[in-house]
Structure formats: C-alpha cells, structure tokens
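Examination of the molecular architecture
Now for the letters of each chain:
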Amino acid sequence: MSRRWPLLAGGLTVVVLAPLALIVLIALAVLGASPAMGCTISPPNGSPSATAAPANWPGQGSWTSEQVGNAAIIVSVGAELHVPRYGWEIAVATATQESTLRNLGHLGADNDHDSLGLFQQRPSQGWGTPEQILDPRYAARNFYERLVKVDGWQTMPLTQAAQAVQRSAFPDAYARWQPEAQELVALLSDGMNIVCTSDGGDGLPPLDDAGLPEGYLLPGDPRLRAVVSFALAQRGKPYVWGAEGPDSYDCSGLMMAAWAKGGVQIPRVTADQVHTGVAVPSLAAMRPGDLIFIPGSDGTLAQPRHVGMYVGTDRSARQYLVQAPKTGDVVKVVPVSGWSRQVAAIRRPP
C-alpha cells in the first residue's frame, strides 16, 4: 500500500495559530472511551458531533496549507475518538509516508492498485467505498479504529504500529517521519486548543493492595524515611486525576507530595518527573524513594505517562512499589514484578 515519496525539505517553522472560539466537549462513547478521558477542542463550527479542522490553515515551513489542513483533520479526529496523543503521531507519520498528507484520488497508471486518499486505503481490501475513503475524516477514523485493535500498539515503535495497520510493502518507511509528525501534532493541538484530560492511569488490570511486605523496614536514611513513609501513609486514598492531596492523588501528584516531605521539590507531572535527578540503571540498583516510570494508559516507552515509587523488599527480596493506579482505584502497594516488562525509566531525585 505504501509508496516511496521524496523527502520534504526542511523542518517546521513553529508558530502559534490563533485559537478558535467555541469549546466543545467531545462525546465519550467512542471507541469504548472512558469518562476518565475527555478532550475539549475549538472547532470552527459549534457542532459537538464534528471536530472538523479549519478550512484554511497557513502553510508551515515546507508544508503547504493543504498538507497542514489534512494533518489537522487527522489530529482532531484522534482527539474526538480519545486516542492517546501517540496515536495521532502514528497517524500523521503514516499519512505523510503514504500520500505526503495529500488527499489523493486515483492516479491512473501511477496508482498502487486501488489505493486512495490520505492513508492510501483500498476499497478492495475492505476499507470502504472510494467516496468514503476520499473523505479525510472517514479515512482518519478508519485508521484509528484499526490501530486501537493492535495489541500493545502504545508501546510499539511507531513504524511497527503503523505497519500493523497498513501492511505496507515498505514496513520501515514510517519511522523517518516521526520527528516531523511530533512537531505537527504539537503545533496543531496547540492551535486548535485541544486539551485532553486522561486518567493518566497505569493501563494495567486492577490489582489488590499487597500491603506492607512481610518483614518490611523503612529506609534508615532520614530523608528517604520521610519520603517513603509519607507515600505509604496515603494508602487507601482515591485516585483523582490532577489531585495533589491531601485527600486524593494522581500518580505524579503523590510522588511530588512525598518528595516534598523529604525537602525536595520535583516537577508536578510525569512527563517532567522522568527527567528529574539521575538515571538508575536497573531494577536491581534501586533504592527506596526512586521513581519508576511505565507508559501507562496514554504514553509510550519513549514518553512514559505513569509513575510509582519503589519502597523496598520483603524478607524474600521481592521488590514493591507504591502508586496511585487509575480512576476508580486507590493508592496501594503492588509488586514491582507487575511493571518489570514495561519499565521505561528509573530516576533518583536529587
């Protein structure tokens, strides 16, 4: 399905696009979305059933107005469907490779079979009628609906996730567009005033609180003792997205509050906490108070969005962490082993 197109010259010139007027709450019952994740967007019309991008976006750097406008449609549909931001980047990179972000009709002798549109979807392969595929919103939704059915897509490299949907003859072609897709997504989501409030959850099946490990001892270092004991004392308090205590927490809010008890100010959100302090090379090298990062429900290994705190071991040297898991759950202690296969980073605050 994929074609080889010439590389576009240059990068993006990032400008702030004028915000549009009406804020519309996007429906939550799409793709099985949870009320814990919602997006608001400023579309040009006031209809809550459509989030069409503006008709005339300015060109950006080497990108024409047409290309930027088509990328904006892809991003807005992703927000409408509550697909995590990484999915928008995958979709924009895919359409860049497939069509250079142009809504291509049939190209005659140059056409790749019956491929059409932004994603070069094929009517003969069940993607829809030619008329449907040539509707950019339909094509984007079609792509996302197939993407979210790919098991583990959020932790896959971009090119692997795109290939799982596209089944291209050039499976490694998508990755080269990732940097520019990330820039376009950032630019467009800011320009459309897209704000997504995800539950920021761990993205894992619910686990019971393991309780304090048998034989568990708080760390001897006074500062680490203060940090860890505070985090453990919050057990049983509900997860609330954006909460920093004292009655409820989200994952990064709990980490920030706990480290404040040790006299250390760390950033508020997971995306910034993952850069704080120094890297810890392995699970075996951890000490109590270290922050462990995983993709969570709306991140990736490269951009983790969920965090917990290592608290120590039991008598059998099994490791444990404390975390605020997700909406509908409470702060609890769980084995580190449940996270071990998807650890994106471990950081030790200064």
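Conventions used here
Residue numbers run consecutively from 1 along every chain, following the written order of its sequence. Side-chain atom pairs in this predicted model are given and counted only at pLDDT of 80 or more, local residue features only at pLDDT of at least 70, and totals for whole chains, interfaces and linings cover all residues. Values shown for side chains rest on all heavy atoms present in the structure; no hydrogens or waters enter the calculation. The secondary structure listing takes helices from DSSP runs of H or I that are at least 4 residues long and strands from runs of E that are at least 2 residues long, numbered from the N terminus. Relative accessibility thresholds used throughout: buried, under 20% of the residue-type maximum; exposed, over 50%; partly exposed, between the two (1.4 Å probe, protein chains only). A contact between two residues is defined here by any heavy atoms of the two lying within 4.5 Å. The Shrake-Rupley method, run with a 1.4 Å probe sphere, supplies the accessible areas, and residue values consider only the shown protein chains as cover. Among the buried residues, those of types Ala, Val, Leu, Ile, Met, Phe, Trp, Tyr and Cys that are joined through side-chain atoms within 4.5 Å form a nonpolar core. Each pair of strands is called paired provided DSSP finds at least two bridges between the two strands. Axis definition: a line fitted to C-alpha atoms, limited for helices to the stretch in contact. Angles are taken between N-to-C directions and run from 0 to 180 degrees. Every residue is assigned a pLDDT by the predictor, reflecting its confidence on a scale from 0 to 100. Side-chain atoms alone can form a polar contact between residues adjacent in sequence; in general such a contact is a pair of N or O atoms within 3.5 Å, and within protein one must be able to donate a hydrogen while the other accepts it. For classification purposes, angles smaller than 35 degrees are called roughly parallel, those larger than 145 roughly antiparallel, those between 65 and 115 roughly perpendicular, and all remaining angles oblique. Each helix crossing is assigned a hand: it is left-handed if the near helix lies turned anticlockwise from the far helix by less than a right angle, otherwise right-handed if that turn is clockwise. Classification used: nonpolar for Ala, Val, Leu, Ile, Met, Phe, Trp, Tyr, Cys and Pro, charged for Asp, Glu, Lys and Arg, polar for all others including Gly. Any carboxyl oxygen of Asp or Glu that lies within 4 Å of a side-chain nitrogen of Lys or Arg is treated as forming a salt bridge with it. A pair of aromatic rings is counted whenever rings of Phe, Tyr or Trp (Trp by its six-membered ring) have centres within 6.5 Å, and the orientation is called stacked for planes under 30 degrees apart, edge-to-face for over 60 and tilted otherwise. In this scheme, the term charge over a ring applies when either NZ of a lysine or CZ of an arginine sits within 6 Å of the ring centre and within 35 degrees of the ring normal.

Helix and strand content of the protein chain: 9 helices and 9 strands. Here the protein chain, with 350 residues, has 53% of them falling under the buried criterion. Intrachain contacts of the protein chain at a sequence separation of at least 6 include 64% that bridge at least 24 residues. Of the roughly 15000 Å² that the protein chain leaves accessible, carbon and sulfur atoms contribute 55%.

Here we come to the nonpolar core. Grouped together as the largest cluster of nonpolar side chains are 44 residues, with contacts concentrated most on I74, I90, F119 and Y144. Contributing elements (two or more residues each) for this core: α1 (65-80), α2 (85-99), α4 (136-147), α5 (158-166) and α6 (178-191). Non-local contacts of Y144, meaning those with residues more than four positions away in its chain, are made with I74, V75, V77, G78, L81, V83, G87, W88 and A91. Within the second largest apolar cluster, 30 residues are counted, among which are L254, L291, F293 and V307.

Counted residue by residue, strand β6 (residues 306-313) has 7 buried out of 8 residues, so it is predominantly covered. Judged from the 4 bridges that link them, strand β5 (residues 291-294) and β6 form a sheet pairing that is antiparallel. The partner of L291 across the bridge, within β6, is M309. For β6 and strand β7 (residues 319-323), the ladder comprises 4 bridges, and the chain directions are antiparallel. Bridging from a neighbouring strand, T313 pairs with Q319 of β7. Where β6 hands over to β7, the hairpin turn is made up of 5 residues, of which A317 adopts a positive phi near 70°.

Further remarks concern the environment of V75. Position of V75 among the secondary structure elements: in helix α1. The residues touching V75, leaving out its near neighbours within four places in the chain, are W88, V92, Y144, V185, L188, M192 and I194.

In this section: the sheet that holds strand β9 (residues 345-348). Overall, antiparallel pairing links the 6 strands, which are arranged β4-β9-β5-β6-β7-β8 in an open sheet. Lying at the two open borders of the sheet, with one neighbouring strand each, are β4 (278-279) and β8 (332-335). The sheet contact formed by β5 and β9 spans 3 bridges and is antiparallel. Along β9, the bridge assignment pairs L291 with R347. Across the sheet, helix α7 (residues 222-233) is in contact with β6, β7 and β8; its angle to β6 comes to roughly 110°.

This brings us to the confidence of the model for the protein chain. The predicted model of the protein chain has a mean per-residue pLDDT of 81, with 79% of residues at 70 or higher. Confidence, read as mean pLDDT per element, is least for strand β1 (residues 24-25) in the protein chain (32) and greatest for β9 (98). Scored below 50 in pLDDT, residues 2-37 makes 111 contacts in the model with residues more than four places away or belonging to other chains. Confidence drops under pLDDT 50 across residues 43-53; counting only partners more than four residues distant or on other chains, this segment forms 31 contacts.

Before going further, it helps to spend a moment on the side chain of K332. With respect to the helices and strands, the residue K332 is situated in strand β8. According to the relative accessible area criterion, K332 is buried, its value standing at 7%. Here L207 takes part through its backbone oxygen, which lies 2.4 Å from a polar atom of the side chain of K332. There is a polar contact of 2.9 Å between the side chain of K332 and the side chain of D329. Not counting residues up to four positions away in its chain, the partners in contact with K332 are L207, D208, D209, R235, L321, V322, Q323 and P325.

Contact geometry for α2 and α5: axes closest at 10 Å, N-to-C directions at 70°. Put simply, α2 runs roughly perpendicular to α5. Crossing geometry of α2 relative to α5 is assigned as right-handed. Residues Y86, E89, I90, A93, T94 and E98 of α2 pack against L158, A161, A162 and Q166 of α5. Of the residues belonging to the contact of α2 with α5, the class tally is 6 nonpolar, 2 polar and 2 charged.

On to the pattern of salt bridges. Side-chain pairs of opposite charge can arise where the charged atoms are in close proximity. Tallying each qualifying case throughout the model produces 10 salt bridges. Close ionic contact of R137 with E80 constitutes a salt bridge, the shortest N to O distance being 2.9 Å. Linking R137 in helix α4 with E80 in helix α1, this pair joins segments that are 57 residues apart in sequence. With relative accessibility at 23%, the residue R137 sits in the partly exposed group. Judged by its relative accessible area of 11%, E80 falls in the buried class. D329 is the salt-bridge partner of K332, the closest N and O atoms lying 2.9 Å from each other. Across the pair, D329 and K332 agree in class, each one buried. Salt bridges here are not isolated pairs; linked through shared partners, they connect E244, D250 and R268.

Here we take up the packing of aromatic side chains. In this structure the tally under the stated criterion is 3 aromatic pairs. Seen from their ring centres, Y86 and W153 are 6.3 Å apart, and the 10° between their planes marks the pair as stacked. One end of the pair, Y86, is in helix α2; the other, W153, is in the loop between α4 and α5, and 67 residues separate them in sequence. Here Y86 and W153 have matching classes, each one buried. Here F143 and Y144 contribute two aromatic rings whose centre-to-centre distance is 6.1 Å and whose plane-to-plane angle is 75°, an arrangement assigned as edge-to-face. When sorted by exposure, F143 lands in the same class as Y144, which is buried. In this structure an aromatic cluster arises from ring pairing among F119, F143 and Y144. When the ring centre of W127 is taken as origin, the NZ or CZ atom of R146, which lies over that ring, is 3.7 Å away.

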